[in-house]
Amino acid sequence: MSYNGLIQFRNEGLDTIQSQTASQQEQYIEIWNNVTTQLMGLVNTGQVDAQIGTVLTERDQIFRRESAGYDESVTSQNTAMRNVQNIGNEGGAAMVRAAAGGGR
């Protein structure tokens, strides 16, 4: 691929991965909140057995605990990707300077 003598360093794909994982986190929390709200509404109006409310409360606590761990893991992954991007950008800039005859 020719860039008319230019050196290009591209890492936009990492930004895409980071934004997609953040979006997925928002989506699964929104879905869970909608489902629990609807089910609790049915419990509160007596349309389903009240024991479902108890089970749902327990499952909500499990979901919140496990999703917090997942969120923490994704945040760490995104931080690592950002670090890789920064290292790539710094290394790329150093190579461009070296190719142009400049020092580090």
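Relevant structure appears above.
Turning next to the overall build of the protein chain. When you go through the protein chain residue by residue, the secondary structure sums to two helices and zero strands. Every one of the 104 residues in the protein chain was classed for burial, and the buried ones make up 15%.

Attention now goes to helix α1 (residues 12-44). Look at α1: 48 Å from first C-alpha to last across 33 residues, which is about the 48 Å you get at 1.5 Å a residue. Looking only at α1, the buried set comprises Gln18, Thr21, Gln25, Thr36 and Val43. Gly46 sits one or two residues past α1 and shows a positive phi near 80°.

Along the chain, Asp15 falls in helix α1. Here Asp15 falls in the partly exposed class, since its relative accessible area comes to 35%. Each C-alpha atom, one on Asp15 and one on Met81, is 8.5 Å from the other, the two residues being 66 residues apart in sequence. With near-sequence residues (within four places) excluded, Asp15 lies in contact with Arg82 and Gln85.

Before going further, it helps to examine the pattern of salt bridges. A complete count under the given rule lists one salt bridge for this structure. Residues Asp60 and Arg64 are paired through a salt bridge, measuring 3.2 Å at the closest nitrogen-oxygen approach. Here Asp60 pairs with Arg64, and both are found in helix α2 (residues 50-99), just four residues apart, close to one helical turn.

Packed helix pairs are specified by the crossing angle of their axes together with the interaxial distance, meaning the distance between the axes. α2 packs onto α1 with a crossing angle of 170° between their chain directions and a minimal axis gap of 10 Å. With respect to α2, the axis of α1 lies roughly antiparallel. Residues belonging to the contact of α1 with α2 are distributed by class as follows: 16 nonpolar, ten polar and six charged.

The terminal C-alpha atoms of α2 lie 72 Å apart, and with 50 residues this matches the ideal 74 Å at 1.5 Å per residue to within 8%. Residues of α2 that are buried: Gly53, Leu56, Phe63, Ser67, Asp71, Val74, Asn78, Met81, Gln85, Gly92 and Ala94. Among the structural elements, α1 are those in contact with the buried residues of α2. In this structure Asp49 caps α2, since a side-chain oxygen of it lies 2.7 Å from the backbone nitrogen of Gln51. A positive backbone phi angle near 95° is found at Gly101, which sits one or two residues after α2.

Okay, the side chain of Asp71 next. Note on placement: Asp71 falls in helix α2. For the buried Asp71, which has no salt bridge, the nearest side chain bearing the opposite charge is Arg64, at an N-O separation of 8.3 Å. If near-sequence neighbours (up to four positions away) are discounted, Asp71 is found in contact with Gln25, Tyr28 and Ile29.

What follows concerns the environment of Thr54. You can see Thr54 is positioned in helix α2. Overall, the relative accessible area of 46% leaves Thr54 in the partly exposed class.

What counts as what
Residues numbered from 1 in each chain as written. Predicted model: local features only at pLDDT ≥ 70, side-chain atom pairs only at ≥ 80, totals over all residues. Heavy atoms only, no water. Helix = DSSP H or I, 4+ residues; strand = E, 2+ residues; numbered from the N terminus. Buried < 20%, exposed > 50% of the residue type's maximum accessible area, 1.4 Å probe, protein only. Expected span 1.5 Å × (residues − 1). Contact = heavy atoms within 4.5 Å. Salt bridge = Lys/Arg side-chain N within 4 Å of Asp/Glu carboxyl O. Axes fitted to C-alpha atoms, helices over the stretch in contact; angles between N-to-C directions. Parallel < 35°, antiparallel > 145°, perpendicular 65-115°, else oblique. Nonpolar A, V, L, I, M, F, W, Y, C, P; charged D, E, K, R; others polar. Polar contact = N/O pair within 3.5 Å; in protein donor to acceptor, adjacent residues only side chain to side chain. Lys, Arg positive; Asp, Glu negative; His and termini not counted.

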